[in-house]
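This is what each chain is made of:
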Amino acid sequence: HTAESYKEAAAANAVDAKETAKEKANEANEYLGAKAENAKESAQSSKDAALNKGQEVKESAKANAEAAKETAANKADEASHKAESAKHNTMAKAQDAKESAKETYADAVDSTQDKLEQTKPRN
């Protein structure tokens with residue numbers, strides 16, 4: 001009788017232990033599953049943040065390149081205008097020099113003419 005009740009008690013304990021182990025295993029799985037899910041979400045948000053940062057850096061670099069391109073174009077325009085203006089100034093100066101040379105030549109011719117007139121023997 002006693003041996004039988006011990007056997008039954010042991011069997012009930014074994015069933016309890018099995019249930020408890022099953023519950024603990026389920027709890028552990030849920031916990032690990034939640035942890036894995038959190039890790040996955042965390043990794044995803046890190047990835048998103050990195051992508052966004054990369055995009056920002058790319059856009060910033062693009063904007064800087066655009067600005068640099070524009071600045072270079074403006075500088076080139078300025079240089080071109082300056083060159084054009086210098087060309088006009090040089091041409092104007094050359095024109096002035098030419099006029100001045102013409103006048104000097106005309107004066108010299110007149111002066112020579114006068115001298116010749118003066119050295120002609122008077123009748």
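Every residue gets a number counted from 1 within its own chain, in the order that chain's sequence is written. pLDDT decides what is reported in this predicted model: residues at 70 or higher carry local features, side-chain atom pairs at 80 or more are listed and counted, and totals for whole chains, interfaces and linings draw on all residues regardless. For the side-chain quantities, the full set of heavy atoms in the structure was used; hydrogens and water were omitted.

Asker: What should I look at first to understand the environment of Ala-12 in this one?
Answerer: Secondary structure counts use DSSP, requiring at least four H or I residues in a row for a helix and at least two E residues in a row for a strand, with both numbered from the N terminus. Along the polypeptide, Ala-12 turns up in helix H1 (residues 2-119). For every residue, the accessible area obtained with a 1.4 Å probe (protein chains only) is divided by the maximum for its type, and the residue is called buried under 20%, exposed over 50%, and partly exposed between those limits. Residue classification places Ala-12 among the partly exposed residues on the basis of a relative accessible area of 40%. Remark: the alpha-carbon pair of Ala-12 and Lys-24, spanning 12 residues in sequence, is separated by 18 Å.

Asker: Could you clarify how one ought to interpret a negative patch on the surface in this entry?
Answerer: Residues enter patches when their relative accessible area tops 30% and they take part in no salt bridge; the joining distance is 9 Å for like charges and 5 Å for the nonpolar side chains Val, Leu, Ile, Met, Phe, Trp and Tyr. Each accessible area is a Shrake-Rupley result for a 1.4 Å probe, and residues are judged covered by the shown protein chains and nothing else. In what follows, salt bridge is the name for a side-chain nitrogen of Lys or Arg lying within 4 Å of a carboxyl oxygen of Asp or Glu. We treat Lys and Arg as the positive residues and Asp and Glu as the negative residues; His and chain ends play no part in the count. We put the charge of a Lys on NZ, of an Arg on CZ, of an Asp on CG and of a Glu on CD. A cluster of acidic side chains, namely Asp-96, Glu-99, Glu-103, Asp-107, Asp-110, Asp-114 and Glu-117, defines a negative patch on the protein surface. On the secondary structure map, Asp-110 appears in helix H1.

Asker: Hey, could you run me through the pattern of salt bridges in this one?
Answerer: Where charged atoms from two side chains of opposite charge approach closely, those side chains can pair. Following the criterion strictly, the structure yields two salt bridges and no others. Lys-53 is the salt-bridge partner of Glu-56, the closest N and O atoms lying 3.8 Å from each other. Pair noted here: Glu-56 and Lys-53 are both in helix H1, with a separation of three residues, about one helical turn. What makes Glu-56 partly exposed here is its relative accessible area of 47%. Residues Lys-69 and Glu-66 are paired through a salt bridge, measuring 4.0 Å at the closest nitrogen-oxygen approach.

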